[in-house]
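Summary of the model geometry
The primary structure of each chain is shown beneath.
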Amino acid sequence: MSNIISIIIALIIFSVLVLIHEFGHFIVAKKNGIVVNEFSIGMGPRICSFEKGGTKYSIKCLPFGGSCAMLEDEDTVVEGSFNSKSVWARMAVVFAGPFFNFILAFVLSVIVIAAIGTDKSYVTAVDKSSPAYEAGLRKGDIITKYNGTGVSIGRELYLEDFVNPLGSDNVKLTFIRDGKKQRISYKPEEVKKYMVGMSYNAGDTEATIGNVTAGSAMDEAGAQPGDVVVAVDGTEIKSGDELQKYIEENPFGDNTVTITVNRNGKTKELKMTPQYQTVYSKGFEYNLARKRMSFGRTLKYSFVEVKYQINTVLKSLKMLVTGKVSANEVSGPVGIVSAIGDTYKASKSEGAYMALLSLINMAIMLSANLGVMNLLPLPALDGGRLVFCIIEVIKGKPVSRDKEGMVHFIGFALLMVLMLFLIFNDVRKLL
């Protein structure tokens, strides 16, 4: 029964995201005098419809998003068609879809941050024997820049740590103390310790593994990103914070460790021997706990939340292209439905209110993802169409519609192949 509920919730979230995206195309097309033949909710055969202002509004039987069918001409330009409008009008229509996804992510961020706040990036502890302390860093300092990257929330600092792990290069920090901006630079401390090779967010309600280092003890034991740690050597773990405290109180040694994980509703025991490695320590801890704030700051940090989600997508894509993340770690539709289901199952025990906020938080991430992915300069995506519009601006005349249509067709075919691969990969991981 819970699986059915999870699928229904996932369909609702997907449908809202796609519908908002298509509504962005629709409203800007209408404003620019482009004829919209049909705007539909859902896909497939039509259940009911009505016509107004030259547009048929339909409800269709399959609850998968929606569509905005504009008047497209083939051989000759028809008045009111998409191609009859100026290149700037067409660019506005194309860009509106992803932009509305960003607007939706912002609105949902306001709801979540107003309810539970955000994780401002300040120092929660500094090791007094560390180079960071010697350089002048103190508890309570508000970090605004970390190794050249601007940060406003703890998760931005965590993301930068994940994407660019510390090495022997100096740590460069900009922080605010008593209203004054200060800058420090110091060499991170070399620490030899036993590692299992996983990353997680201490602020998460579940101890979800974000990444598994290739060749690490966790990797060799069969751990996967998305696994939820529920116990370590028999000690129950309920959150990322509990996992962090357990590891601090029980550092890994050369003894075999049993980490119990939940993967798609099934419990697995992973036995491993930690590896003795040299790592680099920042010398300080930072905040990942959320705290509510004023209405003005809620709006400010809602923009920060959307920026963080967009940066997460872009940096993840960069890691995929550079090989830092394998294709097996990329999720398709099935994997996303599974993640939504896991989020629902994990949060429903905390009550309907927290379950709703968790799902809204998931929708923020997915909406930002949809916006960014559609803006990629690839054929068949909105970004691909924008590329042809930009070429038109530079050349002063449009690219042949036949050539553009062929490029988009090939791009669509390749996207379908990619989608099939992702679905196959998702099902393989589930099994």
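Use the structure listed above.
Below you will find a few notes about this structure. It should be emphasised that the depicted structure is a prediction, and the values quoted were computed from it without experimental measurement. (Residues numbered from 1 in each chain as written. Predicted model: local features only at pLDDT ≥ 70, side-chain atom pairs only at ≥ 80, totals over all residues. Heavy atoms only, no water.)

For the rest of this paragraph, the subject is the packing of aromatic side chains. As enumerated under the stated definition, the model contains ten aromatic pairs in all. Relative to Tyr 57, the ring of Phe 50 has its centre 5.3 Å away and its plane inclined at 20 degrees; by these criteria the two rings are stacked. Overall, Phe 50 belongs to the exposed group, its relative accessible area being 51%. Judged by centre distance (4.4 Å) and plane angle (35 degrees), the ring pair of Phe 106 and Phe 303 falls under tilted. You can see Phe 106 sitting in helix H2 (residues 87-116) and its partner Phe 303 sitting in helix H7 (residues 295-321), a full 197 residues away along the chain. Residue Phe 106 is classed as buried on the basis of its relative accessible area of 19%. (Phe/Tyr/Trp six-rings, centres within 6.5 Å; stacked < 30°, edge-to-face > 60°. Buried < 20%, exposed > 50% of the residue type's maximum accessible area, 1.4 Å probe, protein only. Helix = DSSP H or I, 4+ residues; strand = E, 2+ residues; numbered from the N terminus.)

Moving on, we come to the nonpolar core. Grouped together as the largest cluster of nonpolar side chains are 21 residues, with contacts concentrated most on Met 198, Met 218, Val 229, Val 232, Leu 243 and Ile 259. Secondary-structure elements contributing two or more residues to this core are strand E9 (198-200), strand E10 (207-212), helix H5 (217-221), strand E11 (228-232), helix H6 (240-249), strand E13 (257-263) and strand E14 (266-272). Not counting chain neighbours up to four residues away, the residues in contact with Val 229 comprise Met 198, Ala 207, Ile 209, Ile 237, Leu 243, Ile 259, Thr 260 and Val 261. Grouped together as the second largest cluster of nonpolar side chains are 19 residues, Ile 143, Val 151, Phe 175 and Ala 202 included. (Core = buried A, V, L, I, M, F, W, Y, C linked by side-chain atoms within 4.5 Å. Contact = heavy atoms within 4.5 Å.)

Turning our attention to the pattern of salt bridges. Enumeration over the complete set of coordinates arrives at twelve salt bridges. Lys 315 serves as the salt-bridge partner of Glu 160, at 2.8 Å between the closest nitrogen and oxygen. Within this pair, whereas Glu 160 is found in helix H4 (residues 154-163), its partner Lys 315 is found in helix H7, the two being separated by 155 residues in sequence. For Glu 160, a relative accessible area of 6% puts it in the buried group. Taking the relative accessible area as the measure of exposure, Lys 315 reaches 22% and is therefore partly exposed. Each of Glu 38, Arg 46 and Lys 60 takes part in one network of salt bridges that share partners. (Salt bridge = Lys/Arg side-chain N within 4 Å of Asp/Glu carboxyl O.)

Moving on, we come to the sheet that holds strand E5 (residues 149-150). Read from one edge to the other, the open sheet built from four strands follows the order E5-E4-E6-E7, with strand pairing classed as antiparallel. The sheet is open, and its two edges are formed by E5 and strand E7 (180-186), each paired on a single side. For strand E4 (residues 142-146) and strand E6 (residues 171-177), the ladder comprises four bridges, and the chain directions are antiparallel. Among the inter-strand pairings, Ile 142 is bridged to a residue of E6, identified as Ile 176. (Pairing = 2+ DSSP bridges.)

A few words now on the pairing of E6. Alignment of E6 against E7, held across seven bridges, turns out to be antiparallel. When the bridges of E7 are listed, Lys 172 appears paired with Ser 185. Taking the residues between adjacent antiparallel strands as the criterion, E6 and E7 are bridged by two residues, where Asp 178 takes a positive phi near 55 degrees.

Running from N to C, H4 and H7 point in directions that differ by 5 degrees, and their axes come no closer than 10 Å. Classified by the angle their axes make, H4 and H7 are roughly parallel. In this structure, H4 uses Arg 155, Glu 156, Leu 159, Glu 160, Phe 162 and Val 163 to contact H7, whose residues at the interface are Val 304, Glu 305, Lys 307, Tyr 308, Gln 309, Asn 311, Thr 312, Lys 315 and Met 319. Tallied by class, the residues present in the contact of H4 with H7 amount to six nonpolar, three polar and six charged. (Axes fitted to C-alpha atoms, helices over the stretch in contact; angles between N-to-C directions. Parallel < 35°, antiparallel > 145°, perpendicular 65-115°, else oblique. Nonpolar A, V, L, I, M, F, W, Y, C, P; charged D, E, K, R; others polar.)

With that out of the way, let us pick up the side chain of Ser 199. Mapped onto the elements of the fold, Ser 199 is located in strand E9. We classify Ser 199 as buried; its relative accessible area is 18%. Setting aside residues no more than four positions away along its own chain, Ser 199 makes contact with Tyr 158, Phe 162, Thr 208, Ile 209, Gly 210 and Asn 211.

Okay, the side chain of Ser 216 next. With respect to the helices, strands and loops of the structure, Ser 216 is situated in the loop between E10 and H5. The contacts of Ser 216, once residues within four sequence positions are left out, are Val 196, Gly 197 and Gln 275.

Mapped onto the fold, Leu 366 is located in helix H9 (residues 352-374). The class for Leu 366 is buried, based on a relative accessible area of 8%.

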